[in-house]
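Residue-level structure breakdown
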Amino acid sequence: MSVGAWNVRGLNKSVKQKEVIDVIRCNNLGICAVIESHVKVLNLKSVCAKTFGQWDWISNNNSCEAGTRIIVGWNPRLFDVILLSQSKQVIHCYVKLCNLDFGMYLSFIYATSNYIERRLLWDNLKKHSLVVNREAWGLLGDFNVAIKPSKYSESCSRTPKGVEDFVDCLSFIEVEDLKSYGFQFTWNKTPMGNMGLLKKLDRVMEESLPLVKEVWDKNIDGFFMFKVTQKLKILKKHCREMCNKYWGAGKRIQKLRKDLECKQQDIDNNPFDCKIREEHANILLDINIACNDEEKLLAQHAKIKWLQDGDNNSKFFHKIVKSRGISNRIQMVLNEDGRWVSGKAMIEKVAVDMIRVVTDEEIKLAMFDIDDNRASGPDGYSSKFFKSSWSIVGPDVCKAVREFFWTGKLLKGINATRIVLVPKVEVPRKVSDFRPIACCNTFYKCISKIIVNRIRNCLGDIVSNNQSAFIPGRSILDNILLAQELMVGYKKKRGTPKCTIKIDIQKAYDTVDWDFLNRVLQGFGFHPVIVK
């Protein structure tokens, strides 16, 4: 029977969840108990789904006030688990192997540090021993007390408080410590200190900034946009060398774990060596950093947020492959008198305000408003790079952005875009089964965001009230409710004849050309500079 209990503080983090998944997979566990998880009740279902996958699970969240303490997951194809009782410090269950008659009682324990509450746990175990009644019984978890002074790295002449009660409990329920393998001390306090206390309680971007500054201090002749792009090209070579030095996160984590095991063995053999304890703490820190790096890399590759935004058509504007003929194009819109339909004209004061001088603060605000996990464009730099090194690259970036608004011209390297096809279905077969995503350079996104921020405030004044989508303060649900009201009584024979027409606006959206867009903007009263 492959059973494991593991103390994982803060299972809310995806890094910790991956650690549990790796332990289950590497040790081929069929049952795994996570203690001191601190998972909030509202997040419990999603966290367990990510951690245990298709496994079944139980917890003692109903007995905990500040987050779940114990979560038990098991493979339903191997075990049948029946929950007998639960409390703040223990979960009692009966485990039976599928298709076999063998079964045993298991108790997963996480004792509190409070002496009185631990006494209640010992009483609970004594009562449960009457239920077990001489059958096989295993107790796993964190009892928060050592059996004898030899289980402490700093042994003392007298027995610590609470040990006698624990020993009496073990004697009453007639259980004993299984012969274990691995390390003697499974818990440590103040690992970053010179020494700290070890007990056997469990049973069964900073390096890159100088480089950026070195490259940024180089003198390059040309326009501001050209200077920035050239410096980014020079820096990319050094960034690649740095990435090669910190090779694959997965392999690095495996190596660090092996180093950690070796260092823990050294601590086991010599628990009073301060140097070994310090090296152990440094390896733990490196593992946490490596796990975070791997998580960020996988999250960026997953692009889950991309797909959500693509479904909303809210942040990615691009042309899809044109599959309609020239007849679907909208060349112009005229009213009955033959005049241009411009709707509500924009106030001239508002139009002039849109072309005001772009400030450094406005550029920084736009850049820092871009999400860190947004995909980078052809240049390979995400917004995270510009944010973390803003003190170095910020002044040049601001000059380059202002240069675009002064001249109205954009450097070809900045304007480059990579089109990526994201499948809408599991097995795409047609062009329409893909959703094209435009991966623009972060520099380009910053300029676009500045323009959008200046335009968005006036959209409500120039767009008709019956257009409810994508306008701040309006909801597309309003049109749904309006449609329901209009459809009431359509089936009635009496009254005026009615007709409903469904229009596929995708045809118009995909075939709007620059001339049409230019005329629309001028008709609404936008300033020629902002139109250009």
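As a reminder, the structure under discussion sits directly above these lines.
Here the structure is a predicted model, which means the values were calculated and not measured.

Cut-offs and rules
- Sequence positions are assigned chain by chain, starting from 1 and proceeding in written order.
- Reporting of local features is limited, given that this is a predicted model, to residues whose pLDDT is at least 70; pairs of side-chain atoms are given and counted only at 80 or more, and all residues count toward the totals for whole chains, interfaces and linings.
- Only hydrogens and water are set aside; all other atoms, that is, all heavy atoms of the structure, feed into the side-chain values.
- By convention in these notes, a salt bridge is any Lys or Arg side-chain nitrogen within 4 Å of a carboxyl oxygen on Asp or Glu.
- For helices the rule is a DSSP run of H or I covering at least 4 residues; for strands it is a run of E covering at least 2, with both sets numbered from the N terminus onward.
- Here the term buried applies to any residue with accessible area under 20% of the maximum for its type, exposed to any over 50%, and partly exposed to those in between, with areas from a 1.4 Å probe on protein chains only.
- Axis definition: a line fit to C-alpha positions, over the contact stretch in the case of helices; interaxial angles, taken between N-to-C directions, run 0 to 180 degrees.
- The labels follow the angle: roughly parallel below 35 degrees, roughly antiparallel above 145, roughly perpendicular from 65 to 115, and oblique for the rest.
- Crossing handedness is read from the near helix: turned anticlockwise from the far helix by less than a right angle, it gives a left-handed crossing, and turned clockwise, a right-handed one.
- Contacts are assigned to residue pairs with any non-hydrogen atoms lying within 4.5 Å of each other.
- Residues were grouped as follows: Ala, Val, Leu, Ile, Met, Phe, Trp, Tyr, Cys and Pro as nonpolar; Asp, Glu, Lys and Arg as charged; and all remaining residues, including Gly, as polar.
- The criterion is simple. A nonpolar core is a set of buried Ala, Val, Leu, Ile, Met, Phe, Trp, Tyr and Cys residues joined through side-chain atoms within 4.5 Å.
- Between any two strands, at least two bridges found by DSSP are needed for them to pair.
- Only Phe, Tyr and Trp rings are paired, with Trp represented by its six-membered ring, and only when their centres lie within 6.5 Å; those with planes under 30 degrees apart are stacked, over 60 edge-to-face, the remainder tilted.
- Throughout this description, the term charge over a ring refers to an Arg CZ or Lys NZ atom that lies within 6 Å of the ring centre and within 35 degrees of the ring normal.
- The definition used for a disulfide is geometric: two cysteine sulfur atoms within 2.5 Å.

A word on the pattern of salt bridges
Applying the stated criterion to the full structure yields 12 salt bridges. Here Lys231 ties to Asp396 by a salt bridge, and the two come within 3.1 Å at their closest N and O atoms. You can see Lys231 sitting in helix H6 (residues 224–245) and its partner Asp396 sitting in helix H13 (residues 390–407), a full 165 residues away along the chain. Asp396 carries the same exposure label as Lys231, and that label is buried. A single salt-bridge network, built from bridges that share partners, covers Asp353, Arg356, Glu362 and Arg454.

Quick word on the packing of H13 against helix H15 (residues 442–455)
Between H13 and H15, whose axes approach to 11 Å, the crossing angle comes to 55°. With respect to H15, the element H13 is oriented oblique. By crossing handedness, the relation of H13 to H15 is classed as right-handed. Here H13 contributes Val397, Ala400, Val401, Phe404 and Phe405 to the contact with H15, which in turn contributes Phe443, Ile447, Ile450 and Ile451. For the contact of H13 with H15, a count of residues per class yields 9 nonpolar, no polar and no charged.

Brief notes about the nonpolar core
Ile363, Phe385, Phe386, Val393, Val397 and Phe443 are the most contacted members of the largest nonpolar core, which totals 30 residues. Mapped onto this core, the elements with two or more residues apiece are helix H5 (208–216), H6, helix H11 (360–368), helix H12 (383–388), H13 and H15. At 8 residues, the largest contribution of residues to this core is made by H13. One finds Ile70, Trp74, Ile91 and Val95 within the second-largest nonpolar core, a separate group that totals 18 residues.

Considering the pairing of strand E5 (residues 79–86)
Where E5 lies against strand E6 (residues 90–97), 7 bridges are found, and the strand directions are antiparallel. The residue of E6 that forms the bridge with Val81 is Val95. Adjacent in sequence and paired antiparallel, E5 and E6 are bridged by 3 residues.

Brief notes about the packing of helix H1 (residues 14–27) against helix H2 (residues 44–52)
When two helices pack together, their arrangement is captured by the angle between the axes and the distance separating the axes. Between H1 and H2, the least distance of the axes is 8 Å, while the angle of their chain directions is 40°. Between H1 and H2 the crossing geometry is right-handed. Where H1 abuts H2, its residues Gln17, Val20, Ile21 and Ile24 lie against Val47, Lys50, Thr51 and Phe52. Of the residues assigned to the contact of H1 with H2, the class counts are 5 nonpolar, 2 polar and 1 charged.

Details of the packing of aromatic side chains
Scanning the model with the defined rule gives 9 aromatic pairs in all. When the centroid spacing of 5.8 Å and the interplanar angle of 85° are considered together, the rings of Phe368 and Trp390 count as edge-to-face. In this pair, Phe368 sits in helix H11 while Trp390 sits in helix H13, placing the two residues 22 residues apart along the sequence. Taken together through their ring pairs, the aromatic side chains of Trp122, Phe143 and Phe166 make up a single cluster. Across the ring face of Phe172, the terminal group of Lys126 is positioned such that the distance to the ring centre comes to 5.7 Å. Seen from the ring of Phe368, Lys364 lies directly overhead, with NZ or CZ sitting 5.5 Å from the centre.

Let's talk about unusual backbone geometry
For Asn28, which is not glycine, the phi torsion reads 55° and is therefore positive. Note on placement: Asn28 falls in the loop between H1 and strand E2 (31–39). Despite not being glycine, Glu36 shows a phi value in the positive range, around 55°. Among the secondary structure elements, Glu36 is positioned in strand E2.

Remarks on the state of the cysteines
Scanning the model with the defined rule gives 0 disulfides in all. Free of any disulfide, Cys439 has its nearest neighbouring cysteine sulfur in Cys440, separated by 7.6 Å. Residue Cys439 is classed as buried on the basis of its relative accessible area, which comes to 5%.

Honestly, it's all geometry; don't read function into it.
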